[in-house]
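Chain by chain, the residues:
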Amino acid sequence: MAAPGSRQQRRRIDPLEEPKGLGRRRQPRTSRDVMGRFSEGFARAMGTSGFLIGLTVFVLAWLAWNAFAPKAAQFDPVSNGFAVMTLILSLQASYAAPLILLAQNRQDDRDRVQVEQDRQQAQRNLDDTEYLAREIVALRLLVRDMASKDFVRTELRGLLEELDKREADRAAGNPSGS
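The notes below deal with the structure included here. (Residues numbered from 1 in each chain as written. Predicted model: local features only at pLDDT ≥ 70, side-chain atom pairs only at ≥ 80, totals over all residues. Heavy atoms only, no water.)

## Points about the pattern of salt bridges
The line we're drawing: Definition used for salt bridges: Asp or Glu carboxyl oxygen within 4 Å of a side-chain nitrogen of Lys or Arg. Strands here are runs of E lasting at least two residues and helices are runs of H or I lasting at least four, both read from the DSSP assignment and numbered beginning at the N terminus. Per-residue accessibility, obtained with a 1.4 Å probe over protein chains only, is compared with the maximum for each type, and a residue is labelled buried under 20%, exposed over 50%, and partly exposed between these values.
Taken as a whole, this structure holds 6 salt bridges when the rule is applied. For Glu116, the salt bridge identified is with Arg119, shortest N-O distance 2.8 Å. Here Glu116 pairs with Arg119, and both are found in helix H4 (residues 83-145), just 3 residues apart, close to one helical turn. A relative accessible area of 46% means that Arg119 is categorised as partly exposed. Linked through salt bridges whose partners overlap, the residues forming this network are Asp33, Glu40, Arg106 and Arg110.

## Quick word on the side chain of Ser39
What counts here: We call two N or O atoms a polar contact when they sit within 3.5 Å, provided that within protein one can donate a hydrogen and the other can accept it, with sequence-adjacent residues counted only if both atoms are side-chain atoms. By definition, residues are in contact when any of their heavy atoms lie within 4.5 Å.
Within the secondary structure, Ser39 sits in helix H2 (residues 34-46). Residue Ser39 is classed as buried on the basis of its relative accessible area, which comes to 0%. Reaching out from Ser39, the side chain makes a polar contact with the backbone oxygen of Gly36 at a distance of 2.7 Å. If we skip the residues at most four places from it in the chain, Ser39 touches Leu99, Leu102, Ala103 and Arg106.

## Digging into the side chain of Gln74
Position of Gln74 relative to the elements: it lies in the loop between helix H3 (49-68) and H4. Classification of Gln74 by relative accessible area gives buried; the value is 12%. There is a polar contact of 2.9 Å between the side chain of Gln74 and the backbone oxygen of Asn66. A polar contact of 2.9 Å, which involves the side chain of Gln74, links it to the backbone oxygen of Ala69. Other than its neighbours up to four places away in sequence, Gln74 contacts Trp65, Asn66, Ala67, Phe68 and Ala69.

## Here's the deal with the packing of H3 against H4
Condition: Each axis is a line fitted through C-alpha atoms, and for a helix only the stretch in contact is used; angles between axes span 0 to 180 degrees, taken between their N-to-C directions. Under this scheme an angle from 65 to 115 degrees is roughly perpendicular, one under 35 degrees roughly parallel, and one over 145 degrees roughly antiparallel; angles in between are oblique. When the near helix sits turned anticlockwise from the far one by under a right angle, the crossing is termed left-handed; a clockwise turn instead gives a right-handed crossing. Lys, Arg, Asp and Glu make up the charged group, whereas Ala, Val, Leu, Ile, Met, Phe, Trp, Tyr, Cys and Pro make up the nonpolar group; the residues left over, Gly among them, are polar.
Following both chains from N to C, one finds H3 and H4 inclined at 160°, their axes separated by 11 Å at the closest point. In this view, H3 runs roughly antiparallel relative to H4, as classed from their interaxial angle. Where H3 crosses over H4, the handedness of that crossing is right-handed. Contact residues: Phe51, Leu55, Val59, Trp62 and Leu63 in H3; Val84, Met85, Ile88, Leu89 and Gln92 in H4. By residue class, the composition of the contact of H3 with H4 is 9 nonpolar, 1 polar and no charged.

All we've got here are geometric facts, nothing functional implied.
Here it is in structure tokens:
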């Protein structure tokens with residue numbers, strides 16, 4: 001037992017003394033989605049070949065037992081038209097259909113969310129592509145305005161020729177240089 005006024009005692013009195021989620025025992029929450037997950041599992045199981053084979057074997061065994069077993073051992077005789085089996089299969093179908101529809105609705109909701117996320121991603125990709133296209137155009141404009149290697153060579157040759165001409169004029173005694 002914690003001493004009065006101790007930290008443990010204060011925690012029991014004031015839940016704000018401790019950060020959320022640390023050391024506190026959470027009460028088990030029942031998920032609102034338990035039925036949805038159950039229906040998806042049920043629909044997934046019913047859609048397998050194993051379920052169909054198992055149900056077929058069950059029905060064949062039921063029919064064989066009640067058709068060929070001694071009258072005292074039959075629990076759903078042929079004379080009653082297999083009423084119990086019909087009731088069981090009808091009950092199974094009456095629960096299966098709504099559960100399958102519930103599972104389909106949940107899948108539709110997930111698909112709708114996925115489509116929205118895909119649309120948002122496509123929009124981001126389009127925005128990025130347009131940005132990159134604008135950047136490429138800006139770079140092309142900058143490159144077009146830049147001097148090419150041949151232009152610079154031509155200009156430098158022209159300047160060298162002019163310098164050579166000035167040097168030749170100076171050497172010849174013509175101080176004007178033009």
